[in-house]
Amino acid sequence: MKNILITGGTGYIGSHTCIPLLEKGYRLTIIDSSVNSSPISILKVKEILKDNFKDELITYYPGDIRDKPFLSSVFLKAKELKKPIQGVIHFAGLKAVSESLLKPLDYWHSNVYGSICLIEEMLKYGCRNIVFSSSASIYESSSFIPILESSKINPSTPYGQTKVAIENILYSTFKSSKNSWRIANLRYFNPIGAHESGLIGENPLDIPNNLFPIICKVANGKIDKLKIFGNDWPTYDGTCIRDYIHIMDLADAHCAALDFLLKNEPQIINLNVGTGIGTSVLDLVNKFMKVNDCKVPYKFSERRKGDLPFIVADNQKLTATLGWQPKRNLNQMCKDGWKWQMANPNGFIDIN
Ligand code: NAD
Ligand code: UFG
């Protein structure tokens, strides 16, 4: 049974990814500083898996990946227990795009320095398999055609720049180590929704910035109105188009990427993770209201600085390489995300 280190494993994407990994028979070692999450998500993951779960399958270490003695102790402990870490899925990092414009050094420190610490420990302990959380925000996207992995890289924010820097660090590590590494950079588009149980979901500790959690907060009355940033974009209804992907399809893609790496020759691969389907802001709002039979009052406001009208993945490389296909549509994303929100209006805060 392979032991996989999940950095940032109590966060939104990390906690959801734990489910298919455990179902597939991986043992997990989770590290998280809880800067944007709660370890309660781990208890909920266990609850979701119920009888199919044994406590020993998850070991959780609260801590920061930039704390090298701490990180080293996690690798060492796993080795001493004869369950060495054989692969890493690296989610840990700061992710608020607009905050990165205000606090760029926090982003460089947490994301880039944190990744360097992690890669150094992996080298030290002979672990050379990593799936990295990259982002569609690294692309320039100046046209209305789906983005390929070979499309122009030109991030417009410090957040996106940190993702490019980490991809570059991984690339030079690969090149310098006689090609002994297996690396997958997964460039996510817009993950939304929640596990179908409603037991885990997106739990931002601060005010949300992203569209879907804001729609949920408007629908349950915690925010008055959704501000739609611009209705004068050159799109079919004037609002921006994105590629929304169900969080559990994204979780499955991580599992498929890890399986792929572990079964194949050393390599570094970049993959867009999206559905390839574009949805406008208005489409998403209308779908949410229809599926969940609720109201989402909105008004149009100024365009948001840095937004682009069209960001949709060309996912052919992903589907061809991993044999992965998205299984859940926009209806399911809206339904599952709302189920989580209704059951947990304050995230994990109310759960003891
Ligand atoms: P999240 O904030 O829910 O999860 C990140 C987790 O990392 C959190 O639990 C946080 O507490 C932890 N963390 C942050 N810095 C840490 C550190 N230095 N040491 C240890 N733990 C730390 O965010 P998410 O949406 O689950 O995103 C996971 C990854 O995917 C991030 O790297 C993010 O940049 C990337 N990503 C997310 C999206 C998205 O839309 N959610 C899109 C593209 C890429
Ligand atoms: N939007 C609104 N009102 C809001 C929030 C968002 O109209 O209150 C609009 C935005 O203008 C944009 C769309 O909804 O057109 C989606 O915005 P999000 O903030 O939800 O997502 P982004 O596409 O801006 O960015 C997200 C993640 C990034 C990731 C990127 C990849 O936040 O980390 O997707 O496409 F890199």
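Preceding this section is the structure that the text describes.
A brief report on the enclosed structure follows. Note that the structure is predicted; figures quoted are calculated from it, not measured.

In this section: the site of ligand 1. Near ligand 1 there are 28 residues, and of these Ile-13, Asp-32, Asn-36, Ser-37 and Tyr-159 occur at the shortest range. The separation between an oxygen atom of ligand 1 and a polar main-chain atom of Ile-13 is 2.8 Å. At 2.6 Å, a side-chain N or O of Ser-37 approaches an oxygen atom of ligand 1. Ranked by the residues each element gives to the shell around ligand 1, the list is headed by strand S5 (residues 129–135), at three residues. Grouping the constituent residues of the shell around ligand 1 by class yields ten nonpolar, 13 polar and five charged.

This part covers the sheet that holds strand S12 (residues 279–280). As summarised here, the arrangement of the three strands in space is S12-S9-S14, forming an open sheet in which the pairing is mixed. The open sheet has two edge strands, S12 and strand S14 (310–311), and neither has a second partner. Here strand S9 (residues 241–242) pairs with S14 via two bridges, running parallel. Along S14, the bridge assignment pairs Arg-242 with Ile-311.

Here the focus is the site of ligand 2. Every one of the 23 residues lining ligand 2 counts as a neighbour, but Ser-135, Leu-211, Lys-227, Arg-242 and Asp-307 are closest to it. A distance of 2.7 Å is found between an oxygen atom of ligand 2 and a side-chain nitrogen or oxygen belonging to Arg-242. A distance of 2.4 Å separates an oxygen atom of ligand 2 from a polar side-chain atom of Asp-307. For ligand 2, whose free accessible area comes to 680 Å², the fraction covered by protein is 90%.

Attention now moves to the pairing of strand S2 (residues 27–32). Of all six residues that make up S2, six are buried, and the element is covered over most of its length. Neither face of S2 is open: one carries Arg-27, Thr-29 and Ile-31, the other Leu-28, Ile-30 and Asp-32, and all of them are buried. Both strand S1 (residues 3–7) and S2 contribute to a ladder of five bridges, which runs parallel. The residue of S2 that forms the bridge with Asn-3 is Arg-27. Remark: the S1/helix H1 (residues 12–23)/S2 crossover connection has right-handed handedness. Note that S2 and strand S3 (residues 58–62) share five bridges and pair parallel. Bridge pairing links Thr-29 to Thr-59 in S3. For the segment spanning S2, helix H2 (residues 40–49) and S3, crossover handedness is right-handed.

One pass over the full model with this rule turns up 17 salt bridges. Residue Lys-44 is joined to Glu-47 by a salt bridge in which the shortest nitrogen-to-oxygen separation is 3.2 Å. Of this pair, Lys-44 and Glu-47 both sit in helix H2, three residues apart, which is roughly one turn of the helix. By relative accessible area, Lys-44 is classed as buried at 13%. In this structure Glu-47 comes out as partly exposed when scored by relative accessible area, which is 39%. Between Asp-252 and Arg-328 there is a salt bridge, with its nearest N and O atoms 3.3 Å apart. Here Arg-328 lies in the loop between helix H10 (316–322) and helix H11 (330–343) and Asp-252 lies in helix H8 (residues 247–263), a separation of 76 residues in the sequence. Since its relative accessible area comes to 24%, Arg-328 is described here as partly exposed. When salt bridges that share partners are traced, they join Lys-68, Glu-120, Glu-121 and Lys-124 into one network.

Moving on, we get to the sheet that holds S1. The strand order S3-S2-S1-S4-S5-S6-S11 describes an open sheet built from seven strands, whose pairing is parallel. At either end of the open sheet lies a strand with only one pairing partner, and these are S3 and strand S11 (267–273). Each strand axis lies, on average, 15° off the axis of its neighbour in the sheet, ignoring direction.

Rules used in this analysis
- Residues numbered from 1 in each chain as written.
- Chains lettered and ligands numbered in written order.
- Predicted model: local features only at pLDDT ≥ 70, side-chain atom pairs only at ≥ 80, totals over all residues.
- Heavy atoms only, no water.
- Near = heavy atom within 4 Å.
- Polar contact = N/O pair within 3.5 Å; in protein donor to acceptor, adjacent residues only side chain to side chain.
- Helix = DSSP H or I, 4+ residues; strand = E, 2+ residues; numbered from the N terminus.
- Nonpolar A, V, L, I, M, F, W, Y, C, P; charged D, E, K, R; others polar.
- Pairing = 2+ DSSP bridges.
- Areas by Shrake-Rupley, 256 points an atom, 1.4 Å probe, with all protein chains shown as cover.
- Buried < 20%, exposed > 50% of the residue type's maximum accessible area, 1.4 Å probe, protein only.
- Right-handed = clockwise from strand over helix to strand, strands pointing away.
- Salt bridge = Lys/Arg side-chain N within 4 Å of Asp/Glu carboxyl O.
- Axes fitted to C-alpha atoms, helices over the stretch in contact; angles between N-to-C directions.

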